[in-house]
Amino acid sequence: MILSKDNESVKSFRKLHHRKFRDILGKFMVENLITIDSAVREGFCPTELFVSEEWIEKKDPRIEQILATVSKTHIVSVAVSRSLSTQDTPSGIYAVYPKSSQRFEPEGAVLYLNGISDPGNLGTIFRTALAFRMKNIVVDEDCVDVYNPKAISAMKDAIFKVNLFHDKDRSLFAKLKAKMPILSTRPREAQEVSQFKFPSLFCLVLGSEAQGVSPQIEALSDVFLRIEHFPEMESLNVSVSSGILLYAMNKFSQNTLQN
C-alpha cells in the first residue's frame, strides 16, 4: 500500500490535474467508479489505477472486475487518495487513460464546438450529444480542454463513446464546409429551430457562452438557427441550448440519426 503523498507514482498522477502535463504525457484521469466501470464494460480499460484501501475492504464486485483488466494497480491510503482527487468529495478510485487519437473521417452529422469556455458546459454538451446520437464532435482550439477533470466529471462515459476531433486553425472546419452545410446559432435574423427541416448531412456549430459563434465561422455559415423563448431572459445557457437543438434535430430531421 502507498502511504506517502510524495510517492513517485502518486506525484506523476497528480500532474494530470494540469493541462500542461496532460498535453505532454498524452494522458488524462477519470475519477468516478460508475464511469470507469462503464468504460471497462465497453472495452475501454485504464492503463493505470489507484484505489483507496476503503474500496478494497468493501470487496465491491465492480472494483474486482476493473482490477482484473488493469496491469498496473496501486492501493493507496485514505489520505493519499484525497491528495489524488480534484473533487470536494473524493471518489476513492482513479484511472489513467490515453487521449483519443482518431483520424478525422466522420460519417454523418457533426457537432462543432467553438470557444466553449466552461468545462461543466463542455462536459454536459458531450453527454447530451451522445444521448441524441450525435457522436461526431469537433472541438476547436478556443475551447476549454476536453480532458479537464471538471469536463470529464460532467460528461461521464461520453468521453469514451463519441468520435472526438480537435481542430486547429480551422483546418477541420474548412473540410466540413466543403462537404456539408454549416448551421450556426444566433438570437436574431435566424430560423426558429422547430420550423427548420434538418438535412441528412450537416455541421451544427455551438458558440461560446459570452460571444456566441465567432464572426469568422458566422461569415461561412449557410443557415442560422434560433430557439424561441420569452424575452425576459436574454439568452440560454449553451448546454441547455444544445439539448433543445439536438432534440429538435431528431424531431425535425430527415431521419438524420435513425440508423
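What counts as what
Residues numbered from 1 in each chain as written. Predicted model: local features only at pLDDT ≥ 70, side-chain atom pairs only at ≥ 80, totals over all residues. Heavy atoms only, no water. Phe/Tyr/Trp six-rings, centres within 6.5 Å; stacked < 30°, edge-to-face > 60°. Helix = DSSP H or I, 4+ residues; strand = E, 2+ residues; numbered from the N terminus. Buried < 20%, exposed > 50% of the residue type's maximum accessible area, 1.4 Å probe, protein only. Lys NZ or Arg CZ within 6 Å of the ring centre and 35° of its normal. Contact = heavy atoms within 4.5 Å. Pairing = 2+ DSSP bridges. Axes fitted to C-alpha atoms, helices over the stretch in contact; angles between N-to-C directions. pLDDT = per-residue confidence, 0-100. Core = buried A, V, L, I, M, F, W, Y, C linked by side-chain atoms within 4.5 Å. Polar contact = N/O pair within 3.5 Å; in protein donor to acceptor, adjacent residues only side chain to side chain.

Caption draft 1: Local environment of the packing of aromatic side chains. Counted according to the given criterion, the structure contains 12 aromatic pairs. Ring centres of Phe28 and Tyr147 lie 4.7 Å apart, and the angle between their planes is 40°; on these two criteria the pair is classed as tilted. With Phe28 in strand 1 (residues 27-30) and Tyr147 in the loop between strand 6 (136-140) and helix 8 (149-155), this residue pair connects regions lying 119 residues apart in the sequence. In this pair, the class of Phe28 matches that of Tyr147, namely buried. A centroid spacing of 5.3 Å and a plane angle of 70° characterise the contact between Tyr112 and Phe173, whose relative ring orientation is edge-to-face. Of this pair, Tyr112 sits in strand 5 (residues 110-113) while Phe173 is found in helix 10 (residues 171-179), placing the two residues 61 residues apart along the sequence. Here Tyr112 falls in the buried class, since its relative accessible area comes to 0%. Judged by relative accessible area, Phe173 falls into the buried class, the value being 2%. Among the aromatic side chains, those forming a connected cluster through ring pairs are Phe28, Phe44, Tyr97, Tyr147 and Phe160. For Arg186, the ring lying beneath its charged end belongs to Phe224, and the centroid distance is 3.5 Å.

Caption draft 2: Representation of the environment of Val213 in the model. Note that Val213 resides in the loop between strand 10 (203-206) and helix 11 (215-219). Between the alpha carbons of Val213 and Ile182 there is a distance of 12 Å; along the sequence they are 31 residues apart. Once residues within four sequence positions are removed from consideration, Val213 is found in contact with Asn114, Ser184, Thr185, Val205, Leu206, Gly207, Ser208 and Glu218.

Caption draft 3: Up close: the sheet that holds strand 2 (residues 48-52). With mixed pairing, four strands are arranged side by side in an open sheet as 1-4-2-3. The open sheet has two edge strands, strand 1 and strand 3 (73-76), and neither has a second partner. Strand-to-strand twist across the sheet, computed as the mean angle between neighbouring axes with direction ignored, equals 20°. Sheet topology note: the strand 1/strand 4 (residues 93-98) ladder contains four bridges and is antiparallel. Bridge pairing links Val30 to Ala95 in strand 4.

Caption draft 4: Geometry of the confidence of the model for the protein. Across the protein, pLDDT averages 91, with 94% of residues at or above 70. Element-level mean pLDDT values for the protein span from 88 in strand 9 (residues 191-192) up to 98 in strand 5. Scored below 50 in pLDDT, residues 255-259 makes 13 contacts in the model with residues more than four places away or belonging to other chains.

Caption draft 5: Just the nonpolar core, in detail. Core analysis: the largest hydrophobic core is formed by 53 residues, its most contacted members being Ile93, Leu111, Leu113, Phe126, Val146, Ile159 and Phe198. Sort the elements by how many residues they give to this core and helix 12 (residues 238-251) lands first, with five residues. In this structure, Val146 is in contact with Leu122, Phe126, Val139, Ala151, Ile152, Met155, Ile159, Leu164 and His166, ignoring residues within four places of it in sequence. Counting 14 residues, the second largest nonpolar core, distinct from the first, contains Tyr112, Phe173, Val213 and Ile217.

Caption draft 6: Here's a closer look at the environment of Asp145. For Asp145, the position within the fold is in the loop between strand 6 and helix 8. In this structure the C-alpha to C-alpha distance between Asp145 and Arg19, which are 126 residues apart in sequence, comes to 7.2 Å. Those residues in contact with Asp145 that lie beyond four places of it in its chain are Arg19, Arg22, Leu122 and Ala151. A polar contact of 2.8 Å, which involves the side chain of Asp145, links it to the side chain of Arg22.

Caption draft 7: Geometry of the side chain of Ser52. Counting through the fold element by element, Ser52 comes out in strand 2. A relative accessible area of 2% places Ser52 in the buried class. Here Ser52 is in contact with Val76, Val78, Ser81 and Gly92, once residues within four sequence places are set aside.

Caption draft 8: Structural view of the sheet that holds strand 10. The sheet built from seven strands is open, its strands ordered 7-6-5-10-8-11-9 with parallel pairing. The sheet is open, and its two borders are formed by strand 7 (163-167) and strand 9, each paired with just one other strand. Sitting on the sheet, helix 10 is in contact with strand 5, strand 6, strand 7, strand 8 (182-185) and strand 10, with an inclination near 115° to strand 7. Across the sheet, helix 12 is in contact with strand 8 and strand 10; its angle to strand 10 comes to roughly 155°.

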